[in-house]
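Working through the structure, step by step
If you want the building blocks of each chain, they are given just below.
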Amino acid sequence: MMRGMGVRGTGSRGAGAMELSDGGSGKNSGVRVGIDIGGTFTDLVLCLPDHTLFVNKTSTTRNDPAEGVVRGLEAVLARSGKTASDVVEIVHGTTVGSNTILQKAGARTGLLATKGF
């Protein structure tokens, strides 16, 4: 999401804000949000068209991960002064599935497949 951007400073927008530069390419024309749902925390980054970033870390809600996302999104939107209608792109990733495999914490499962699968 932030490939090719460099840090310009810590920003003048208060806690949780950082300014980035894309080298003058002008490729970013709207508010963009990146979301990572982990096993413990859900992290959100909101990027304004001027490359100011707002970040939020909230607890992941295991029974309904969307709750943590909505809480975090409401927080970064409020801090940035933007609304959901200003968002033009959302990028989402999660480590919940891979963490379950790595920690061997999931239910025992198997895979049945036919020849040539």
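Summary of the structure given here.

What counts as what
- Residues numbered from 1 in each chain as written.
- Predicted model: local features only at pLDDT ≥ 70, side-chain atom pairs only at ≥ 80, totals over all residues.
- Heavy atoms only, no water.
- Salt bridge = Lys/Arg side-chain N within 4 Å of Asp/Glu carboxyl O.
- Helix = DSSP H or I, 4+ residues; strand = E, 2+ residues; numbered from the N terminus.
- Buried < 20%, exposed > 50% of the residue type's maximum accessible area, 1.4 Å probe, protein only.
- Pairing = 2+ DSSP bridges.

All chains considered together, the criterion is met by two salt bridges. Residue E89 is joined to R32 by a salt bridge in which the shortest nitrogen-to-oxygen separation is 4.0 Å. Of the two residues, E89 is situated in strand β6 (residues 87–94) and R32 in strand β3 (residues 31–37); the sequence distance between them amounts to 57 residues. Residue classification places E89 among the partly exposed residues on the basis of a relative accessible area of 35%. The salt bridge partner of K57 is D43, with a shortest N-O separation of 2.9 Å. Of this pair, K57 sits in strand β5 (residues 52–59) while D43 is found in strand β4 (residues 41–47), placing the two residues 14 residues apart along the sequence.

On to the pairing of β4, then. Relative to β4, β3 is paired through six bridges, and the arrangement is antiparallel. By the bridge assignment, G34 is partnered in β4 with V45. Two successive antiparallel strands, β3 and β4, enclose a turn made up of three residues. Pairing of β4 with β5, which is carried by seven bridges, proceeds in the antiparallel orientation. Opposite F41, over in β5, you have S59 as the bridge partner. Between β4 and β5, which pair antiparallel one after the other, the connecting turn spans four residues, and H51 there sits at a positive phi close to 75 degrees.

Geometry only, nothing functional implied.
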